[in-house]
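The residues making up each chain are set out below.
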Amino acid sequence: MDRSVLITGASGGVAQALAARLRANDWRLALVTRDPDKLAAVDGDHVITADVSTVAGAADAVAQAQTHFGTAPAYLAHCVGSTLIAPLSRVREAQYREVMATNLDSAFFTLQAFLGALTASKQTGSVVVFSSVVAGMGVANHAAIAAAKGGLEALVRSLAADYSGAGIRINAVAPGLMRSPMTTRMLGNEAVEKQIAAQYPLGRFGDADEGASAAAWLLSDESAWITGQVIHLDGGFSAVRPYVKAG
């Protein structure tokens, strides 16, 4: 089995945890980032500097990976993402455009380039992208990121239908809050951490390795009969309402 994987957003916490998991199981890695100085690559990894939120950047990333592997990579973990927590009235146009470019445009253009190369090589494969719990339920002050991730989940379902006949699976992970470099400022002190953890039925938020575990499973043959799905990794936040005693 060709276990060549393209990981975008590779300098992020979940992406680096995923790379470590796959590397330990002898996968070949092509790691895409806009900032290679923040990337913990090791010998054998192929590092690609590109901005996949553009058509040209995504196409270049896939082309470089294909040249490196000698064939189109069969697996994609699209880990590019950002967040914006702000009420609608305070979201500036530049902020909105950046959120959409980072979270939705990057996924669309990366999948466009990746799936084009994969189908041209007549291979099967698997894709996992990262959404967010806020795409599936209303969470205050998340309008921009919810819109972007909602579009991303719709894209997953549509492309899963388009490419199922080619044997290509496309799924998403929708996490709640996870500890990672992106959330370091949010989890700034013990009181804030306690307050956030209390919002989750399991009493805690997640960590990057849990996101990596879910992604690795979706890429693997262990999930071979799953496509077009959004896996909620959120400690029960989107599905469970524990009984709470008043007063």
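Analysis parameters
- Residues numbered from 1 in each chain as written.
- Predicted model: local features only at pLDDT ≥ 70, side-chain atom pairs only at ≥ 80, totals over all residues.
- Heavy atoms only, no water.
- Helix = DSSP H or I, 4+ residues; strand = E, 2+ residues; numbered from the N terminus.
- Rg over C-alpha atoms; globule rule 2.2 N^0.38 Å.
- Buried < 20%, exposed > 50% of the residue type's maximum accessible area, 1.4 Å probe, protein only.
- Contact = heavy atoms within 4.5 Å.
- Areas by Shrake-Rupley, 256 points an atom, 1.4 Å probe, with all protein chains shown as cover.
- Lys, Arg positive; Asp, Glu negative; His and termini not counted.
- Charge placed at Lys NZ, Arg CZ, Asp CG, Glu CD.
- Axes fitted to C-alpha atoms, helices over the stretch in contact; angles between N-to-C directions.
- Left-handed = near helix turned anticlockwise from the far one by under 90°.
- Nonpolar A, V, L, I, M, F, W, Y, C, P; charged D, E, K, R; others polar.
- Polar contact = N/O pair within 3.5 Å; in protein donor to acceptor, adjacent residues only side chain to side chain.
- Salt bridge = Lys/Arg side-chain N within 4 Å of Asp/Glu carboxyl O.
- Core = buried A, V, L, I, M, F, W, Y, C linked by side-chain atoms within 4.5 Å.
- Expected span 1.5 Å × (residues − 1).
- Parallel < 35°, antiparallel > 145°, perpendicular 65-115°, else oblique.
- Phe/Tyr/Trp six-rings, centres within 6.5 Å; stacked < 30°, edge-to-face > 60°.

A look at the overall build of the protein
- Secondary structure summary: the protein contains 6 helices and 9 strands in total.
- Taking 247 residues into account, the globule formula puts the C-alpha radius of gyration at 18 Å, and the protein, at 18 Å, falls close to it.
- Considering only C-alpha atoms, the protein reaches an extent of 65 × 40 × 35 Å along its principal axes.
- Each of the 247 residues in the protein was classed as buried or not, and the buried ones make up 46%.
- Of the contacts formed within the protein by residues at least 6 apart in sequence, a portion of 69% connects residues at least 24 apart.
- Put simply, the protein shows about 12,200 Å² of open surface, and 53% of that area lies on carbon and sulfur atoms.
- Across the protein, the 19 positively charged side chains and the 21 negatively charged ones have centroids separated by 7 Å.

As for the packing of helix α2 (residues 55-69) against helix α3 (residues 93-120)
- In the contact formed by α2 and α3, the axes pass within 8 Å of each other and the chain directions differ by 35°. Like other packed secondary-structure pairs, α2 and α3 cross with a definite hand, here right-handed. Contacts between α2 and α3 involve Val55, Ala58, Ala59, Val62 and Gln66 from the first element and Phe109, Thr110, Ala113, Phe114 and Ala117 from the second.
- Residue classes in the contact of α2 with α3 are distributed as 8 nonpolar, 2 polar and no charged.

Observations concerning the side chain of Ser223
- Position of Ser223 among the secondary structure elements: in the loop between α6 (208-219) and β9 (230-233).
- A polar contact is formed between the side chain of Ser223 and the backbone oxygen of Trp217, at a distance of 2.8 Å.
- Every residue in contact with Ser223, bar those within four places of it in the chain, is listed here: Arg169, Trp217 and Leu218.

Notes on the pattern of salt bridges
- Applying the stated criterion across every chain yields a total of 5 salt bridges.
- Two residues, Asp209 and Arg21, come together in a salt bridge whose shortest N-O distance is 3.1 Å. One end of the pair, Asp209, is in helix α6; the other, Arg21, is in helix α1 (residues 13-24), and 188 residues separate them in sequence.
- Overall, the relative accessible area of 37% leaves Asp209 in the partly exposed class.

Considerations on the nonpolar core
- Grouped together as the largest cluster of nonpolar side chains are 77 residues, with contacts concentrated most on Ile7, Leu18 and Leu22.
- Broken down by element, this core gets its largest block of residues, 10 residues, from α3.
- In this view, Leu18 contacts Ile7, Ala77, Cys79, Ala212, Ala215 and Ala216; residues no more than four positions away in its chain are not counted.

A closer look at α1
- With 12 residues, α1 should cover 16 Å at 1.5 Å per step; its first-to-last C-alpha distance of 17 Å lies within 8% of that length.
- Regarding α1, the residues found buried are Gly13, Val14, Ala15, Ala17, Leu18, Ala19 and Leu22.
- In the stretch just after α1, Asp26 is the one whose phi turns positive, near 70°.

Things to note about the packing of α3 against helix α4 (residues 143-163)
- Look at α3 against α4: their axes get within 8 Å of each other, and the N-to-C directions meet at 15°. Our classification of the angle between α3 and α4 gives roughly parallel. The crossing of α3 and α4 is right-handed. Here Tyr96, Val99, Met100, Asn103, Leu104, Ala107, Phe108, Leu111, Leu115 and Thr119 of α3 lie close against α4, whose contacting residues are Ala144, Ile145, Ala148, Lys149, Gly151, Leu152, Leu155, Leu159 and Tyr163.
- Residue composition of the contact of α3 with α4, grouped by class: 15 nonpolar, 3 polar and 1 charged.

Remarks on the packing of aromatic side chains
- One pass over the structure, following the stated rule, counts 3 aromatic pairs.
- Where Tyr200 meets Phe237, the ring centres are 5.1 Å apart and the plane angle is 40°; that geometry is what we call tilted. Residue Tyr200 is found in the loop between α5 (190-197) and β8 (206-207), and its partner Phe237 is found in the segment after β9; the two are separated by 37 residues along the sequence. Of the two residues, Tyr200 and Phe237, neither departs from the other in class, the shared state being buried.

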